[in-house]
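Architecture at a glance
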Amino acid sequence: MSQVDIFERRPLTGTGLRVTPVGVGSSSLASMPSHYGYEVTEEAATATVLRVFASGLNLLDTSAGYGNGESERRIGKAIAAAGGLPAGFVLASKADPDPVTKDFSGEQVRRSLHGSLERLGVDRLPLYMLHDPERISFADATRPGGPVDVMVALREEGLVDAIAVAGGPVDLMRQYVATDAFQVVLTHNRYNLLNRAAEPLLAEAAERGVGVINAAPFGGGLLAKGPDRHPRFAYREAAAPLLDAAAAMQRACAEAGVTLAAAAVRFSLRDPRVGVTLLGASSPGRVGDIVAQAAAPVPEDLWPALERLVPAAEHWLS
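Residues numbered from 1 in each chain as written. Predicted model: local features only at pLDDT ≥ 70, side-chain atom pairs only at ≥ 80, totals over all residues. Heavy atoms only, no water.

Moving on: the environment of Leu317. Summarising the element assignment, Leu317 is placed in the segment after α13 (302-307). Of the residues examined, Leu317 reaches a relative accessible area of 19% and is grouped as buried. It is 25 Å that separates the C-alpha atoms of Leu317 and Tyr128, two residues lying 189 residues apart in sequence. Ignoring sequence-local partners within four residues, the contact set of Leu317 consists of Asn189, Arg190, Asn195, Ala197, Phe233, Ala234 and Arg236. (Helix = DSSP H or I, 4+ residues; strand = E, 2+ residues; numbered from the N terminus. Buried < 20%, exposed > 50% of the residue type's maximum accessible area, 1.4 Å probe, protein only. Contact = heavy atoms within 4.5 Å.)

Our focus in this paragraph is the packing of aromatic side chains. Here the structure, examined in full by the defined rule, presents 5 aromatic pairs. The interplanar angle of 80 degrees and the centroid separation of 5.0 Å between the aromatic rings of Phe53 and Phe89 together place this pair among those described as edge-to-face. Of the two residues, Phe53 is situated in helix α2 (residues 42-55) and Phe89 in the loop between α3 (70-81) and β5 (90-95); the sequence distance between them amounts to 36 residues. Arranged with centres 4.9 Å apart and planes meeting at 75 degrees, the rings of Phe138 and Tyr176 form a pair that is edge-to-face. On the criterion of sequence distance, the pair formed by Phe138 in helix α5 (residues 138-142) and Tyr176 in helix α7 (residues 170-178) is long-range, its members being 38 residues apart. Looking at Phe138, the relative accessible area reads 24%, which means it is partly exposed. We classify Tyr176 as buried; its relative accessible area is 0%. Put simply, the rings of Phe138, Tyr176 and Phe182 touch in pairs and so form one group of aromatic residues. (Phe/Tyr/Trp six-rings, centres within 6.5 Å; stacked < 30°, edge-to-face > 60°.)

This brings us to the pairing of strand β7 (residues 160-167). Among the 8 residues of β7, 7 are classified as buried, and the element is accordingly described as predominantly covered. As defined by bridge partners, strand β6 (residues 125-131) adjoins β7 across 6 bridges and the pair is classed as parallel. The residue bridging Leu125 from the neighbouring strand is Val160, located in β7. Strand direction decides the pairing type here: β7 and strand β8 (residues 184-188), joined by 4 bridges, are parallel. Considered in β8, the bridge of Val165 is made with Val185. Taking the sense of rotation as the criterion, the β-α-β connection linking β7, α7 and β8 turns out right-handed. (Pairing = 2+ DSSP bridges. Right-handed = clockwise from strand over helix to strand, strands pointing away.)

This brings us to the pairing of β8. In terms of residue burial, β8 counts as a mostly covered element, since 5 of its 5 residues are buried. Along β8, one buried face is formed by Val184, Leu186 and His188 and the opposite face, lined by Val185 and Thr187, is buried too. Across 5 bridges, β8 lies against strand β9 (residues 211-215) in parallel orientation. From the neighbouring strand, Thr187 faces β9, where its bridge partner is Asn214.

Before going further, it helps to examine the side chain of Asn189. By the element assignment, Asn189 lies in the loop between β8 and α8 (199-208). Note on Asn189: relative accessible area 1%, which makes it buried. One polar contact links the side chain of Asn189 to the main-chain amide nitrogen of Gly220, over a distance of 3.5 Å. If we skip the residues at most four places from it in the chain, Asn189 touches Asn195, Ala215, Ala216, Gly219, Gly220, Phe233, Ala234, Tyr235 and Leu317. (Polar contact = N/O pair within 3.5 Å; in protein donor to acceptor, adjacent residues only side chain to side chain.)

Side-chain pairs of opposite charge can arise where the charged atoms are in close proximity. The final tally for this structure, using the stated rule, is 18 salt bridges. With a closest N to O distance of 3.0 Å, Arg208 and Asp180 form a salt bridge. Within this pair, whereas Arg208 is found in helix α8, its partner Asp180 is found in the loop between α7 and β8, the two being separated by 28 residues in sequence. Taking relative accessible area as the criterion, Arg208 reaches 37% and is therefore assigned partly exposed. Classification of Asp180 as exposed rests on a relative accessible area of 52%. Close ionic contact of Arg196 with Glu307 constitutes a salt bridge, the shortest N to O distance being 2.9 Å. In this pair, Arg196 is assigned in the loop between β8 and α8 and Glu307 in helix α13, connecting sequence segments 111 residues apart. The exposure class of Arg196 is buried, given its relative accessible area of 11%. (Salt bridge = Lys/Arg side-chain N within 4 Å of Asp/Glu carboxyl O.)

What follows is about helix α10 (residues 240-256). Relative to the 24 Å expected for 17 residues at 1.5 Å per residue, α10 spans 24 Å between its end C-alpha atoms, a close match to the ideal helical length. Among the residues of α10, those classed as buried are Leu242, Ala245, Ala246, Ala247, Ala248, Met249, Ala252 and Cys253. Packed against the buried residues of α10 are α9 (222-225), β10 (232-233), α11 (260-269) and α13. Directly after α10, the chain includes Gly257, whose backbone phi takes a positive value near 80 degrees. (Expected span 1.5 Å × (residues − 1).)

Listed below in structure tokens is the structure:
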């Protein structure tokens, strides 16, 4: 059984940052019951962030768009309660459109960063991402003075250490990687036990020396809770082929003495192209679960069995 030291701080390709192979996502800390189906109190959110600080993991991801800044505000309160960020901690946030006007210009990217810095109570960010740029055209994003130019300028001005692009559609993310402007790419829901659509993105990132953050390795919950408890994939109802594959994988994992969730996390961790596997946490206990799942050993002979159960590419989210 192969093991990964989940507390080792390793260089994140393309940057000068050193990160643990597991990071924590904080979108649920904004308390968005319409999206997640449950609420998170401010006290619980603060306690969760403090637990992350104490866990040994050193990357926390948030965004200006999570609850219109509520995730960042709550993280900022936890940072203040802790007397500042732990040494070497990598706090990442993202640029989002104006929540009212939907403006996603270069000027808005700059405003978004300054709003994030204020809510978080910090004067700079180790990692800053252009968030879901599929909301504008690639031409608008890359025009002179547009969002990509401003992201580069923010790095050159020292307001952020490294810049990334974070989004969904694989072909579009490949276009952004090909600009050579970004040091890191974040992909979500597209590289996991059920969906390999991001394979060409990971290959291109490796070829160009771009770091990779793989978010949502549970596919929004299906691979964490199983198809009976959570028959949804990537925040929508899952198609029958995905549910059938997940059920078969769950049985194979049970026969091997591991949980489906642990196998899902380890699938991402075992790929050398993935610098950080990002897992969401909504409670202090969930942070403990993340550590346990990431550290759980998985028998090597389970991987071929799971590989045979991957749904056909026509069922992948691309």
